[in-house]
Amino acid sequence: MTDVRVRFAPSPTGALHIGGVRTALYNYFFAKKHKGTFILRIEDTDQTRYVEGAEQYIIDALDWLGITPQEGPHSGGNYSPYRQSERKDIYRQYADKLVENGYAYYAFDSAEELDALRKADPEFKYGVHTRNNLKNSLSLSTDATRQLLEADQHAVIRLKIPSNESIEFDDLIRGHVIFDSNELDDKVILKGDGMPTYHLANIVDDHLMKISHVIRGEEWLSSTPHHIIMYRYFGWTSPDFAHLPLILKPTGQGKLSKRDGAKFGFPVFPLSWNSDNPEDNFIGFREDGYLPESLINFLALLGWSPGNDQEILSVEEIEALFSLEKIVKSGARFDIDKALWFNQQYIIKADNRRLAGLIQPQVALEGYIVTMEYLSEVCRLMKERVHKTHEIITNGRFFFVAPNSYDDATITKKYKSENREHLEIIAERLAQAETFDIENAIKGYIQDKGLKLGEFMPIIRIAISGSMQGPDLMESIHLIGAKASSDRIRTAIHHFEKIVTS
């Protein structure tokens, strides 16, 4: 295999969709597997759709995931610039060369004229069967063409598709693919403002940047014959192509969209995106409490299989096992429950201090003042009981503040007024207990009195945490502290009494 050079080439038109993230991951893994180069190229030729901040968002998302490109607009490289808007003059040269060699032509049709043609015939294509009847340098005389060009008519340049040919190529995922050239349209390759379209820019850049493999979404499959033709016209060898399957909606038909996230209540972007339009504000996987390695594991298996039943795979394991041949052709349905399962597994394995660092800003924002050591212990006790990192706070809030509500349904069933005296004694013993005496202060007392642990421990748990849910009770009390736990039991007794006497 020749030197592997792959590129991830997003457009900075907004937040990076999770489908784009998976494309970046597959490019990255392919490069790592073959000791190649992973390149970021910003395809910003459509300036009308450019969104301020979108490029930095892409950089930040890749950095969060740990798949930093070796070449790109922020990291440099031997083939700069890596923003297409900065390569405008390069594309013009190649477009003119195609015109000179008879492989492309000037077209002067206005947008209104083309809209009218499409309205009259929804199947209209500007191509083999129609171009000689339209306003272009193929149908007009040389003098008329020159006059229109001199009059600055904002002519576009269109690719001249050959007639009656089979355009064939081998896709590394889909196998042998054939297109009938008569069914193809003459794509615009250079717009009236002098900016290239995707079709010209990506061909020129892929050639000049020595891209060996083009790994992209299946929505570009129908454009690939145009690209194959352009490679032939330029006399260049085309890269190998691999078109990835769609990521599908959780239910129903079609690919996963940004609106599906809002509809079903889950992220579809790696990081949160804020816009002037509230409807275009979206929470990201990072902000929703996902670890980057869990998202990578989940997305990697969303269309690719390692060839065994193993599901939990480190980045290094995926790199070693990855191959394009193991990517399926059919779309992969997005399953948020599976994503949550992956995240839970990675949270359980995560270092407690790392988790503490992730949730510390939110802890501080909510006004809780605790040490990192304390927060790390909270994470140790809570991490097997959560699916997202922020749930360590929401589900374990009793570690930061005494409960202000209780599981009254359970109290009604289990608490009896004759329990009050015992609970008050346990509270008193806790107030006087050393750390190592906490278990004796509670369990020792209950056993000495011949009481049933099954009757008292749930009541004490509710007094400490407000509910029956939570980690080991003794460890929780150790962390909260004997004195604070004593105070909570005393406060809860008054509430319990009101419940059973009302």
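S.K.: Hey, could you go over the packing of aromatic side chains for me, with residue numbers and the actual values?
M.R.: Tallied over the full model, the rule gives 26 aromatic pairs. On the numbers, 5.5 Å between centres and 70° between planes, the contact of Y94 with W236 is edge-to-face. With Y94 in helix α3 (residues 88-100) and W236 in the loop between α7 (224-234) and β9 (240-244), this pair connects stretches of sequence that are 142 residues apart. Between F264 and F266, the aromatic rings sit 6.1 Å apart at their centres with planes inclined by 10°, giving stacked as the arrangement. Among the aromatic residues, those joined into a ring-pair cluster are Y26, Y28, F29, F38, W304 and F322. Seen from the ring of Y126, R158 lies directly overhead, with NZ or CZ sitting 3.9 Å from the centre. We note K349 situated over the ring of Y346; from NZ or CZ to the ring centre the distance is 4.6 Å.

S.K.: I'd like to hear about the side chain of T130, residue by residue, with values.
M.R.: Assignment of secondary structure puts T130 in the loop between α4 (111-120) and α5 (142-150). Among the polar contacts listed, one links the side chain of T130 to the backbone nitrogen of G127, at a separation of 3.0 Å. Those residues in contact with T130 that lie beyond four places of it in its chain are F124 and K125.

S.K.: Let's hear about helix α2 (residues 54-65): which residues, and what values?
M.R.: Over its 12 residues, α2 extends 17 Å from the first C-alpha to the last, a length consistent with the 16 Å expected when each residue adds 1.5 Å. Extensive coverage of α2 is indicated by the burial of nine of its 12 residues. Three or more residues of α2 are buried, namely A54, E55, Y57, I58, I59, A61, L62, W64 and L65. On its buried face, α2 is in contact with β1 (5-8), α1 (18-33), β2 (37-40) and α9 (292-300). One or two positions beyond α2, positive phi appears at G66, with a value near 80°.

S.K.: Summarise the pattern of salt bridges; cite the residues concerned and give the values.
M.R.: With the rule as written, the count across this model stands at 31 salt bridges. Notably, a salt bridge pairs D260 with K249, separated by 3.0 Å at the nearest N-O pair. On the criterion of sequence distance, the pair formed by D260 in helix α8 (residues 258-264) and K249 in the loop between β10 (247-248) and α8 is long-range, its members being 11 residues apart. Across this residue pair, the class does not change: D260 and K249 are buried. For R380, the salt bridge is made with E377, and the minimal N-O distance between the two is 3.0 Å. Here the residue R380 and the residue E377 both occupy positions in helix α13 (residues 372-382), the gap between them amounting to three residues, near one helical turn. Its relative accessible area of 33% is what places R380 among the partly exposed residues. Overlapping salt bridges, with partners in common, bring together R7, R41, E43, R87, D205 and D206 in one network.

S.K.: So what's going on with the environment of A350? Which residues, and what values?
M.R.: Mapped onto the elements of the fold, A350 is located in the loop between α11 (336-349) and α12 (352-365). Residue A350 is classed as buried on the basis of its relative accessible area of 6%. Each C-alpha atom, one on A350 and one on S238, is 44 Å from the other, the two residues being 112 residues apart in sequence. In this structure A350 touches L291, L355 and K383, once residues within four positions along its chain are discounted.

S.K.: Break down α3 for me, citing the residues and quoting the values.
M.R.: Here α3 contains 13 residues, and its C-alpha end-to-end distance of 19 Å stays within 8% of the 18 Å for a straight helix at 1.5 Å per residue. Within α3, burial applies to Y91, Y94, A95, L98 and V99. Within α3, the buried residues cover an arc of 145° as seen down the axis, which keeps them to one side. α3 presents D89, Q93 and E100 as exposed residues on the side facing more than 90 degrees away from its buried surface.

Procedures and definitions
- Residue positions are given per chain, counted from 1 along the sequence in the order it is written.
- Given that this is a predicted model, residues contribute local features only at a pLDDT of at least 70 and side-chain atom pairs are listed and counted only at 80 or more, while totals for whole chains, interfaces and linings are drawn from all residues.
- Side-chain metrics in this entry use all non-hydrogen atoms of the structure; hydrogen atoms and water are not considered.
- Stacked, edge-to-face and tilted labels apply to pairs of Phe, Tyr and Trp rings (six-membered ring for Trp) whose centres lie within 6.5 Å, assigned for plane angles under 30 degrees, over 60, and everything in between, in that order.
- Starting at the N terminus, helices and strands are each numbered in turn, a helix being any DSSP run of H or I of at least four residues and a strand any DSSP run of E of at least two.
- Only lysine NZ and arginine CZ atoms are considered, and such an atom sits over a ring when it is within 6 Å of the ring centre and within 35 degrees of the ring normal.
- Side-chain atoms alone can form a polar contact between residues adjacent in sequence; in general such a contact is a pair of N or O atoms within 3.5 Å, and within protein one must be able to donate a hydrogen while the other accepts it.
- Whether two residues are in contact is decided by their heavy atoms, any of which lying within 4.5 Å being enough.
- To estimate the expected span of a helix, subtract one from its residue number and multiply by 1.5 Å.
- Throughout, exposure labels follow a simple rule: accessible area from a 1.4 Å probe, protein chains only, divided by the maximum for the residue type, with under 20% read as buried, over 50% as exposed, and the rest as partly exposed.
- Within this document, salt bridges are pairs made up of a side-chain nitrogen of Lys or Arg and a carboxyl oxygen of Asp or Glu, the two lying within 4 Å of each other.
- What the arc measures is the spread of directions leading from the helix axis to the C-beta atoms.

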